[in-house]
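Observations on the three-dimensional arrangement
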Amino acid sequence: MDHNKFKQIVDFIREQYSIPSGLVPLHSPIFCGNEKKYLNECIDSTFVSSVGEFVEKFENTVAQYTGTAKAIVTVNGTNALHLALTSIGVNTNDEVITQPVTFVATANAIAYSNAHPVFLDIDRDTLGLSPEKLNTWLEKNTITRIEPSTKQQVTLNKTTHRRIAAVVPMHTFGHPCRIDEIVEISNKYGIEVVEDAAESLGSLYKGKHTGTFGKLGILSFNGNKIVTTGGGGMILTNDTHLGTKIKHLTTQAKMPHPWEFYHDEIGYNYRMPNINAAIGLAQMENIEKFLASKRGIAKSYQQFFKSIGIEFFVEPKNAHSNYWLNLIILKNRNERNKFLEYSNKNGVVTRPVWTLMNKLPMFKDAQTDNLENSEWLEDRAVNIPSSARL
Ligand SMILES: *Cc1c(COP(=O)(O)O)cnc(C)c1O
């Protein structure tokens, strides 16, 4: 690809966002609703911290929106993931299967639980964990037995003899993976699924919201996500009993009482402050507008890139994607690097896919399998500006 094409792309992105000069960000939040009104109400009430009405309103709004029984807010998506794993008993000497194509938070949360990540490949058409590769790896590398003490089915890694405690697929850049198949395979082996849906609020798979297929799902409301609370996260579950336990754990495991301090286990201070929930509630009132705008932007990118012969990633089959971060697939790593260099130098923020998790120093000894699709993506993909425009 020549410089002329690079320039065409950069010009198109500037035109798309009506930013003729200056920086075009990768993803910026939009505050055009009741954010300031609710913030004022929150401050006037003095309940800015861990108690207040916005927390419950925000939880109920997202629960209803995603069609899940229970939603529990947390301080951020990373600790939502940590707590999700902890709450289902992931612990020292367990293994957790995930994909190497993800933000480091996914692998870090596994490490916080003192468990060991196993990185398996993605599918090229979803960018998420491949059910075929998961199935093959489990067939080849594990044995399943019934634990005599608990009568529960457990799956052990033949080589390490450690328990496979969870599978954590991630809906990459907002595009749903084949989550129904992943859940079916995992259930066959008695393994729980925790969906990292940090990037996919508003994305559906076969008409059902991502993050609601597994035992638990997590969302992030960081500043660069489709809906933000400044910083924040959420755990989704249809298991109301588990949801109640998680809520308890986010609030230092304090037993409700008018004045007594009594905590019945080691809990966490993971609850989102009311002031953040106030912003989140206002943002959720506009989510349909954000989604419509982002899907419109993706559509015009798709047409443009088709016209210049460059591959633009479109939502997978059976999926309705929020198109959180759009991406193009270039020829090879060399072309990728040249385009990253050119676009960033010219004020249009673009980014490569994250360095694969198994290449980071803290996870370099983790078990992996054939990662050809992950490597393929890492070499070629570039994220381009994707903010909504209202
Ligand atoms: C953003 C993100 C997280 C973590 O969210 P924070 O709120 O920033 O802690 C986790 N996983 C993925 C894939 C993410 O993109």
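Okay, so let's go over this structure. (Residues numbered from 1 in each chain as written. Predicted model: local features only at pLDDT ≥ 70, side-chain atom pairs only at ≥ 80, totals over all residues. Heavy atoms only, no water.)

**A look at the packing of aromatic side chains**
The tally for this structure, following the rule as stated, stands at 14 aromatic pairs. Aromatic ring contacts, followed pair by pair, group Phe12, Tyr301, Phe304, Phe305 and Phe312 into a single cluster. Positioned over the ring face of Phe213 is Lys208, at 4.7 Å from the centre of the ring. (Phe/Tyr/Trp six-rings, centres within 6.5 Å; stacked < 30°, edge-to-face > 60°. Lys NZ or Arg CZ within 6 Å of the ring centre and 35° of its normal.)

**Let's talk about the packing of helix α2 (residues 35–45) against helix α9 (residues 274–284)**
Two elements in contact, α2 and α9, have axes whose closest approach is 8 Å; the angle formed by their N-to-C orientations is 155 degrees. Of the possible angle classes, the one that applies to α2 and α9 is roughly antiparallel. The handedness of the crossing between α2 and α9 is right-handed. Where α2 approaches α9, its residues Glu35, Tyr38, Leu39, Cys42 and Ile43 are matched on the opposing element by Asn274, Ile275, Ala278, Ile279, Leu281, Ala282 and Gln283. Split by residue class, the contact of α2 with α9 holds nine nonpolar, two polar and one charged. (Axes fitted to C-alpha atoms, helices over the stretch in contact; angles between N-to-C directions. Helix = DSSP H or I, 4+ residues; strand = E, 2+ residues; numbered from the N terminus. Parallel < 35°, antiparallel > 145°, perpendicular 65-115°, else oblique. Left-handed = near helix turned anticlockwise from the far one by under 90°. Contact = heavy atoms within 4.5 Å. Nonpolar A, V, L, I, M, F, W, Y, C, P; charged D, E, K, R; others polar.)

**Observations concerning the pairing of strand β14 (residues 326–329)**
Neither face of β14 is open: one carries Asn326 and Ile328, the other Leu327 and Ile329, and all of them are buried. Where β14 and strand β17 (residues 381–384) come together, four bridges link them in antiparallel fashion. Bridge pairing in β17 links Ile328 to Val382. (Buried < 20%, exposed > 50% of the residue type's maximum accessible area, 1.4 Å probe, protein only. Pairing = 2+ DSSP bridges.)

**Re the site of the ligand**
In the vicinity of the ligand lie 15 residues, with Gly77, Thr78, Glu199, Ser220 and Lys225 positioned nearest. The separation between an oxygen atom of the ligand and a polar main-chain atom of Gly77 is 2.8 Å. Here an oxygen atom of the ligand and a side-chain polar atom of Thr78 are 2.5 Å apart. Across the complex, the protein chains shield 93% of the 380 Å² of accessible surface that the ligand would expose by itself. Among the elements of the structure, α4 (77–87) and α5 (104–112) are those that each provide at least two residues to the shell around the ligand. For the shell around the ligand, the per-class residue count stands at four nonpolar, eight polar and three charged. (Near = heavy atom within 4 Å. Polar contact = N/O pair within 3.5 Å; in protein donor to acceptor, adjacent residues only side chain to side chain. Areas by Shrake-Rupley, 256 points an atom, 1.4 Å probe, with all protein chains shown as cover.)

**Re the sheet that holds strand β9 (residues 208–209)**
Read from one edge of the open sheet, three strands run β9-β8-β13, paired in antiparallel fashion. Edge positions in the sheet fall to β9 and β13 (319–320), since each of these pairs with one other strand and no more.

That's the geometry; what it means functionally is another story.
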